[in-house]
Amino acid sequence: MPVDRETVRRIARLARLAVDEGQVAAMETELNALLTWVQQLEEVNVEGVPPMTSVVEQRLKMREDMVTDGGYAGDIIKNAPLAENHFFVVPKVVE
Amino acid sequence: MSVAPARNTKLIEGATGAWEIVIGMEVHAQVSSKSKLFSGAATEFGAEPNSQVSLVDAAMPGMLPVINRYCVEQAVKTGLGLKAKVNLHSVFDRKNYFYPDLPAGYQISQYKQPVVGEGEIHIDLASGESVRVGIERLHLEQDAGKSLHDQHPDLTYIDLNRAGVALMEIVSRPDMRSSEEAAAFLRKMRAILRYLGTCDGNMEAGSMRADVNVSVRRPGAALGTRCEIKNVNSMRFIVQAVEFEARRQIDILEAGGSIRQETRLFDSKNGETRPMRSKEEAHDYRYFPDPDLLPLTFEQTWVDELAKALPELPDEKKLRFMQAGLSAYDAAVLVGEKEAADYFEEMVREGAEAKAAANWLNNEYFGRLNKAGLTISSGPISAKAASLTVSLVASNVISGKIAKELTDIIWREGGDPREIVERLGLRQVSDTAAIESAVDAVIAANPDKVEEVKAKPKAAAWFVGQVMKATQGKANPQVVNAILRRRLNLPDEG
Amino acid sequence: MARASDPTRFTIAEARDALATKDISARELAQAHVDAVARARSLNAFITETPDHALSRAAQSDARIAAGEARPLEGIPLAIKDLFCTQGVRTTAASRILDNFIPTYESTVSQNLWDAGALMVGKTNLDEFAMGSSNETSYFGPVTNPWRARGRNDDLVPGGSSGGSATAVAAHLALGATGTDTGGSIRQPAAVTGIVGLKPTYGRCSRWGIVAFASSLDQAGPMTRTVRDAAIMLKTMASHDPRDSTSVDVPVPDYEASLGRGVAGLKVGIPKEYRIDGAPPEIDELWKRGVEWLRAQGAEIIDVSLPHTKYALPAYYIVAPAEASSNLARYDGVRYGHRASGVSDLTGLYERTRAEGFGREVRRRIMIGTYVLSAGYYDAYYLRAQRVRTLIARDFADVFQRCDVLLTPATPCPAFAVGAKTADPVSMYLNDVFTVTVNLAGLPAISVPAGLSHDGLPLGLQIIGKAFDEATVLRAGRAIETAADFRAAPQDWWRSA
Ligand SMILES: [Mg+2]
Ligand SMILES: [Zn+2]
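The sections below set out a description of the structure shown in this document. These numbers come from a predicted model, not from an experiment. Residue numbers run consecutively from 1 along every chain, following the written order of its sequence. Numbering of ligands from 1 and lettering of chains from A proceed in the order in which they are written. For a predicted model such as this one, the threshold for reporting local features is a pLDDT of at least 70, and the threshold for listing and counting side-chain atom pairs is 80 or more; totals across whole chains, interfaces and linings nevertheless cover every residue. Excluding hydrogens and water, the side-chain figures rest on all heavy atoms present in the structure.

**A few points about the nonpolar core**
Convention followed: In this description, a nonpolar core means a group of buried Ala, Val, Leu, Ile, Met, Phe, Trp, Tyr and Cys residues linked to one another through side-chain atoms lying within 4.5 Å. Only protein chains enter the accessibility calculation, which uses a 1.4 Å probe. A residue is then buried if its area is under 20% of the maximum for its type, exposed if over 50%, and partly exposed in between. Runs of H or I in DSSP of at least four residues are treated as helices and runs of E of at least two as strands, each being numbered from the N terminus. Contact definition: two residues touch when any of their heavy atoms are within 4.5 Å.
By size, the foremost hydrophobic cluster in this structure holds 207 residues, and its most contacted members are C:Phe129, C:Phe396 and C:Leu407. Top element by residues in this core is helix H10 (residues 312–327) of chain C. It accounts for ten residues. Non-local contacts of C:Phe396, meaning those with residues more than four positions away in its chain, are made with C:Tyr274, C:Leu306, C:Leu406, C:Thr437, C:Ala441, C:Leu443 and C:Ile464. Listed in part, the 113 residues of the second largest apolar core include B:Ile123, B:Leu392, B:Val397 and C:Tyr202.

**Observations regarding the interface of chain C and chain B**
Applied cut-off: Buried area is understood as the total, over both parts, of accessible area removed when two parts are fitted together, assessed with a 1.4 Å probe. Salt bridges are defined by distance alone: a side-chain nitrogen of Lys or Arg within 4 Å of a carboxyl oxygen of Asp or Glu. Pairs of N or O atoms within 3.5 Å make up the polar contacts considered here, provided that, within protein, one atom can donate a hydrogen while the other can accept it, and that residues adjacent in sequence are counted only when both atoms are side-chain atoms. Gly falls in the polar group here, along with every residue not listed as nonpolar (Ala, Val, Leu, Ile, Met, Phe, Trp, Tyr, Cys, Pro) or charged (Asp, Glu, Lys, Arg).
Residue-level contacts link 37 residues of chain C with 29 residues of chain B. Surface buried jointly by chain C and chain B totals about 2,700 Å² across both partners, of which 59% is contributed by carbon and sulfur atoms. When the buried area of chain C at its contact with chain B is split by residue, C:Ser245, C:Arg330 and C:Arg335 rank highest and sum to 21% of it. Among the salt bridges present, the one from B:Asp292 reaches C:Arg207, with a minimum N-O distance of 3.2 Å. Here chain C and chain B share 16 residue pairs in polar contact (both at pLDDT 80 or more) between them. For the side of chain C that touches chain B, the secondary-structure elements that each account for two or more residues are H10, helix H11 (346–357) and helix H12 (360–373) of chain C. When residues in the side of chain C that touches chain B are grouped by element, the largest group, four residues, is from H10(C). Grouping the amino acids of the side of chain C that touches chain B by side-chain chemistry returns 19 nonpolar, ten polar and eight charged.

**Structural notes on the coordination of the zinc ion (ligand 2)**
All names here are of chain B. Where we set the bar: Distances decide who is a donor: an N, O or S atom must be within 2.8 Å of the metal, or within 3.2 Å for Na, K and Ca. Water is not included, so sites may look incomplete.
Listed as protein donors to the zinc ion (ligand 2) are His28 (NE2), Glu141 (OE) and Glu169 (OE); their distances from the metal cover 1.9 to 2.1 Å. The metal-metal distance between the zinc ion (ligand 2) and the magnesium ion (ligand 1) is 3.7 Å. Highlighted residues: His28 in strand S2 (residues 17–30) and Glu169 in strand S11 (residues 166–172), separated in sequence by 141 residues. Glu169 sits in the buried class, given a relative accessible area of 11%.

**Topic: helix H8 (residues 354–372) of chain B**
Residue and element names in this part refer to chain B. To keep it simple, the criterion reads: What a helix should span is 1.5 Å times the count of its residues minus one. The reported bend at a residue is simply the angle between two axes, fitted to the 7 residues ending at it and to the 7 residues beginning with it.
Between its first and last C-alpha, H8 extends 25 Å over 19 residues, near the 27 Å set by a 1.5 Å rise per residue. Of all bends in H8, the biggest is about 40°, found at Leu361. When H8 is considered as a whole, its buried residues turn out to be Ala354, Ala357, Ala358, Trp360, Leu361, Glu364, Tyr365, Phe366, Arg368 and Leu369. Contact partners of the buried residues in H8: helix H6 (328–336), helix H7 (338–349), helix H9 (383–394) and helix H10 (400–413). Backbone nitrogen of Lys355 and a side-chain oxygen of the N-cap are separated by 3.1 Å at the start of H8; the cap is Glu353.

Written out as C-alpha cells, the structure reads:
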C-alpha cells in the first residue's frame, strides 16, 4: 500500500487540511485505492518521452513594462474576513 | 560541486586548532522595473498598504499571470554581466507553501531550468589579492508581500504591495573564505547590477537582500553542515553575521557538538543569529511547472543584441584605469562605486592627470566625505573644481601644501580654484630673485645653523622649512633647495 | 410565430429571429425565463438567481433593437456556471470556502457574452470546484436531472460538473448556458440531459476570471439545445485574451456559416479503444448507428487506433489533482471567503478553514494532488503522467494525419440514480472515460444527443476534432443531429405553480 496513516497525516499537514483521527483511516483506504488504480501507468513505456508542458503550440506572451493595474486597495480587501486600514489581518506569526 | 582550495591567510584559530570558514551567498535583487513580474501593478517603494496590488497579486479566483518582457531582459543582461550561460529555454515552476504574505499559496519561481546558468565574479581585497567566486545560477521569481508583526500584540498585518515584484535570485558557489570576502562579493555584485542598471542595489529599501550560507571545516576537510542566515541587509551586517555564526559553529564543534542544518535570522540589534521559528517545519515545496505559463524561450540573436548593448562593467573599467597608470587597488576602489568612477573620469576629462586625480580622491577627498558622512554624489566639490585643483599642483602653480588649503576653501565655499588662487595670492613663487633674498635673510639670521649644515648636509632641510615658512609656503621647494645648496655650497644630491 | 406562446421553447437562433422581427420583446423573453427559473427550484439548478440583472439588461436590449443596433446575442437569456466570476454577483464554485465572495471583476468569457447583448438569468449549480461527474459534490446540494427513466419517478443525476447548466438548458430555464470542461464536465452532463455540449480547443476561450480547477485542462464552452446554437455561442465566447498566457491568438471563424456544408467526403475515424467491456450494449449500438448516419451522408469511415486511451483516466487523476492542490492553496481564509472562527494560531486557522470550507471530494483530490507532487513521488506519479499525456497527444496527432474528425460515444452509460456511485470514487471517475482523453490533448470535441437508452434516457455521441478546427467538429455534430432527429424531451414534472 502506497500510504500509511503517518503519510496521511503528513500530507494533510502539507495541504493545511485539519483531519481528526476518525478520518485518517478512511482517507488511508481511499488514497490507497486511488493510488493503486493509477499505478497501472507503470505498464506504459515512457522511455525518452518528454513530459507535456503545454498543449498549446505557442510562445510565452510577454507584456510591456507599464503600470496598468492596482490603485484599488478598497477592492482588494473588499471580501476580506478581517482587515484593518487596508491591511489583511491574521493571527500573530512568529518569525 | 567544485570548491576553491583553502586560502591559508583566512584561517581562524579555535581552541583546538585552525578552522576555515566556507561561505556561499543567495542574493535577491529586485529588477528595476516599473511594474511587477506577472502583473501591471506598480513596484514603487513605500506606498499605502495594498495600493499597488492587482487582482493577480492578491491571488483572486481565476486570475492569471502574464510575464513582463523588461524583467526577462534584465535577467538576461545580468547573466551576461556575470559572464554566465544564458538559457534559451527555461521554465517557471510553482514553489508551494502556505504563508500569509504569499497570496496564491505558491511562489512562481524557476527550479530545475533557470534562465541563467553558471557564471563568475572577481572580487578585490585590500591585500591586493583578487578572488574568483563562482555563480551557480540566476533565476527570476516573485517577491512576497510584507508581514508587519509589530503593529499589534497578537495580530500580524499583511501588505501585498511587494507581492509579485520581480526578483533575480543569484546563487553563488561556496567560494568565499572570510567575512571580508563575503562583503566584497556583495559590494561587487551590487556594483555590477548598478552598472547594468538592472537593479538599484538599494539595501535599505530592500531592493537587494542577501541570505548567507555559513559553514566551518578543518582546512582541506569536506564541507561542514551549513546554516542559512536570512535578513542580512547591509555590508556591515554581512561581516557581523558571518563572524558571529562562524564563531558559534566553531564553539559547538570544539565542545564536541554537531551543527544542525537550519535557517537562522540575523538580529542586527545585538549582532547575533538565531533559529527562525517559521522555518523549523521541514519543507516540501512540491515544485512543478506552472500550468498557467508556457516555457520561456528566446533566440540567441536577441541575447547577442543585448550583449552588444551592454555598458562597460567594473572589471573592464578597472583594467582601463590601470592602463591609465592607476594601481590595481586604487582602480578597484574607484570602480567599486559607479559614482566614484564617473567622478574620476570627469576629473580626467576636465584635464587632471589620472594618477594625480586618483591620489587626490583616495588620499584627500574620500576621507573628508567619510568624516562628513557624505557620498561622492552629495559631496560639495564638483569634479571640475577637483580637476582644476589637481592640475594647479601638477603645473606647479601651487604647492601640495597649498592644495590642501585650497581644497578646504572650495569644500567650504565652492568657487573656481584658479580664481581663488589669484584672489588669495596662493601662487607658488618660482622667481629666483625673491627666493634668493628670502634664503639670504634666513642664512644671515642663523649663522650657527650654517655651521651645523656644513658639518652634516642632511640638516639643510631645516633651512628649506624656514624659507617655506617665510614665504607662507608659496615658494617652489625645488627652487629653494637649489639656491640654498649654491649659497651654502653644498654638493648637489644625486 | 408559433413559439411566441412559450418563448422558453425557442432555440437561440429562433429567438434571435423573433427578436429581430419584433415577434417578441427581449423583456418578454427574459420574463418567461425568469419565471421558468423560479418555478423550477425543485431541480436546484441555480445557486444564485439574477432576475433583476436579466430584466434590466432586457430593457436595454429592447432599446438597442428598436434603434436597429442589435448585437449578435441581443436579449438572449443565458445561465452562467457559478465557476465564472461575475462582477457584483456572488460567485461560489459551489463551495463553502468562497462563502459570500462577490467578485469586483467579470470573467472574459461572460464579459464577451454581455458585450454581445446576452443577459444572465442566474449562476448555475455544479460539483464543488467542478470536481465531479454527477453534481453531487456541491455545497449547495445536488442538481436533479429533468429526465426520468420511463415509468419511474426516482431522481437521476444530471452529470457533472456542469450539471446545473445542463439542467437549466434541458429544462428550458435558459436558451443556453456556459460550462467548463476539465475532463468531460460539459460533454458528459450534456449527453445525459439530452443537450449539445461543446468543449473547444484549449486556448480558444480565455480562462481569465474562471475559478481554476486544473489549469492545463480547464476550458469553457457552450451548452445549448442545438448544434447551431452552440456555434452561435462559441463565436462570442471565444477570443484571444492578452490576460491569459495560454489563450491563443487565432482568428475565430463564423461557425454558424460553415454548418450547412455537410460531411460529404469528410474522413471520420472510429477509434477501436472506445469499445470498452462492461459498457451497456446500447452504447455500442448507438455508436454503430452514428457511423451509418455519417456514411449515409457521404463521409468516409476509417477504423483507427488510439493505443494509449486506457491510460488517459489514470493520467488525468494524477495531473488534475496535482494542479488543483496548488490552485486551491489560495483559499486560506485570509483575503476572501470562509474563515474558521475562534482559532488563534495561523496554521490552525489554515487547517480549520480549509477543512471546514472544502467538501469531501475536494479534500480527497487535494490530498492526492499533494501526495503525487511531494518529495520522492513527483517522478513516479506526476512526471510519468505528463509523459503518458504526451503519448496520448501523439496518438491523436497520428490519427489526424488520416482523419478530419473522430466519432465516439460520449458516455459509458445514461444518467444514473442519485447516490449510485458516490461510495466508489473510481466508478464515478469512469463516467469520463470517453471525454477525458480530449482534455489531456487539448482538442475540441462536441457531444450531441443521438438517442435514448432502453429506459428512455438520453445518450450522446461525441465528435473529436483537430486543434482549433471547431468548425469541422460542429459540421459533423450537425450531421449527427440531423440524422438522429432527436425530439424527445423530459416531462416538466418539476414545475411549481
Ligand atoms: Mg532560495
Ligand atoms: Zn528566492
